[in-house]
Each structure stands twice: as structure tokens, then as C-alpha cells.
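Listed below, chain by chain, are the residues.
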Amino acid sequence: MVLTTALPALAQKADDSLYRDLGGLEVLTKVVDDTLALALADARIKDTFKDTDMKRLAKLITEQFCELSGGPCKYSGDPMKEVHQGLGLSNTQFNALVEDLQAAMDKSGISSRTQNKLLALLAPMQRTVVTK
Ligand code: HEM
């Protein structure tokens, strides 16, 4: 009896504090849209996106950031390695996109403490995404 009533409470205890600190789905959606707009205007990386459906990309990255930060989303895209391996991305290009993301988070008023928590979750992907 105690167990059946306690379980739903436990299920809700997953740590969504980063997701909430980021401002939830509404702010994440704006941050990703702004990041991609900056990326498309960024001479260092804009050419990488020339054949990409940017609407689909924005949806998938938003989903991914939402899930990574503990929010109620499930990433529905392809594995990071598969998606990026043909792009021949460099560390310089990786850092350029991170800078655009930081500028977008600044624009939404996200604190640097919270920004750094999201960036720390993305950092391990650098090894997968960068191939040259
Ligand atoms: C941690 C860093 C990164 C994350 C989390 C990330 C995330 C994603 C996601 C979720 C997708 C969509 C997957 C799918 O199509 O199913 C994607 C695709 C893509 N990413 Fe990244 N990405 C990262 C770094 C980069 C960098 C540094 C660049 C270039 C500067 C880049 C360029 C692209 C492009 C061009 C596509 C679309 C490929 C296509 O149209 O098929 N990504 N990325």
C-alpha cells in the first residue's frame, strides 16, 4: 500500500533542475533557434549547413538539449557519430558553434553557471563530432 502510493512520487524525482534553470522548453526552443541563426551568419561554419533542413535540425537539437538537461523530451534523431562523420568538422568549427550557443544563451539571460552546466554535458560529444 505504502509502496504503490510512493512510486509515482519517486518517478517524478528525476533531476530536472538544469532544465528548469534553463527556462524549460520555451527558452530552449528560442536558444536553439538563435544559435542556428547565428551559425548561419557565422563565416566559420555557415557552409556546413548548406544542405540541411534547418527546421528539422532545430527541432532535433531542442529535443536533445531538453532530454540532456533532465526535461520531459526524448531525442528522436540519429546517433551523433553517424550524423557528423561525413561533415569533416574541426575543433575550430566545434568551438565556433559553442560560441554561437553561448551568445544565444546570453541573449536569453541564462546565467553563466547554468550555461556551463549545459556546456559540460556537450563537451564529451566533441570527440564524436570532430573528425579532423
Ligand atoms: C556538441 C555539439 C553538437 C551537438 C549536440 C549537435 C547536435 C546535432 C543534432 C541533434 C543533429 C541532428 C541529427 C539528425 O539529423 O538526426 C545534428 C546535425 C547536424 N550538425 Fe550537429 N551537433 C553538434 C556539433 C556540430 C558542429 C560543431 C557542427 C558544425 C559546425 C554541426 C553541424 C551539423 C550539421 C550540418 C547537421 C545536419 C546534417 C544533415 O543535414 O544531415 N554540428 N547535430
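Residues numbered from 1 in each chain as written. Predicted model: local features only at pLDDT ≥ 70, side-chain atom pairs only at ≥ 80, totals over all residues. Heavy atoms only, no water.

Caption draft 1: Representation of the coordination of the iron atom of the ligand. Counting protein donors around the iron atom of the ligand gives one, His84 (NE2), at 2.0 Å. You can see His84 is positioned in helix 5 (residues 80–84). (Donors = N, O, S within 2.8 Å, 3.2 Å for Na, K, Ca; no water. Helix = DSSP H or I, 4+ residues; strand = E, 2+ residues; numbered from the N terminus.)

Caption draft 2: Structural detail: the site of the ligand. Taken together, the neighbourhood of the ligand is formed by 23 residues, with Thr52, Arg56, Gln64, Asp78 and His84 sitting nearest. The separation between an oxygen atom of the ligand and a polar side-chain atom of Arg56 is 3.0 Å. Interatomic distance of 2.9 Å between a side-chain N/O atom of His84 and a nitrogen atom of the ligand. For the shell around the ligand, the elements supplying multiple residues, two or more each, are helix 4 (54–68), helix 5 and helix 6 (91–107). (Near = heavy atom within 4 Å. Polar contact = N/O pair within 3.5 Å; in protein donor to acceptor, adjacent residues only side chain to side chain.)

Caption draft 3: Up close: the nonpolar core. Leu22, Phe65, Leu101, Met105 and Leu122 are the most contacted members of the largest nonpolar core, which totals 30 residues. Those residues in contact with Met105, other than ones at most four positions away along the chain, are Leu22, Val31, Ile110, Gln115, Leu118 and Leu119. (Core = buried A, V, L, I, M, F, W, Y, C linked by side-chain atoms within 4.5 Å. Buried < 20%, exposed > 50% of the residue type's maximum accessible area, 1.4 Å probe, protein only. Contact = heavy atoms within 4.5 Å.)

Caption draft 4: Geometry of the environment of Asn95. Examined against the element boundaries, Asn95 turns out to sit in helix 6. Asn95 gets classed as partly exposed once you look at its relative accessible area, which sits at 39%. C-alpha separation for the pair Asn95 and Gly23, spaced 72 residues apart in sequence, amounts to 24 Å.

Caption draft 5: Quick look at the layout of surface pockets. Estimates place the volume of the largest pocket at around 800 Å³. Phe49, Leu57, Ile61, His84 and Leu97 are the residues nearest the centre of the largest pocket, which is lined by 30 residues in total. Contributions of two or more residues to the lining of the largest pocket are made by helix 3 (24–40), helix 4, helix 5 and helix 6. Here the residues of the lining of the largest pocket sort into 20 nonpolar, 7 polar and 3 charged. (1 Å grid on protein atoms, 1.4 Å probe; cavity = no way out; pocket = protein on both sides within 12 Å on 5 of 7 lines; lining within 4 Å. Points joined across faces, edges and corners; volume = space filled by probe spheres on them. Nonpolar A, V, L, I, M, F, W, Y, C, P; charged D, E, K, R; others polar.)

Caption draft 6: Inspection of the packing of helix 3 against helix 6 at higher detail. With their axes 8 Å apart at the nearest point, helix 3 and helix 6 run at an angle of 135 degrees to one another. It follows that helix 3 is oblique to helix 6 by the angle criterion. Crossing hand, helix 3 versus helix 6: right-handed. Where helix 3 abuts helix 6, its residues Lys30, Val31, Asp34, Thr35, Leu38 and Ala39 lie against Leu97, Asp100, Leu101, Ala103, Ala104, Met105 and Lys107. (Axes fitted to C-alpha atoms, helices over the stretch in contact; angles between N-to-C directions. Parallel < 35°, antiparallel > 145°, perpendicular 65-115°, else oblique. Left-handed = near helix turned anticlockwise from the far one by under 90°.)

So, to be careful, I would describe these as geometric facts and stop short of saying anything about function.
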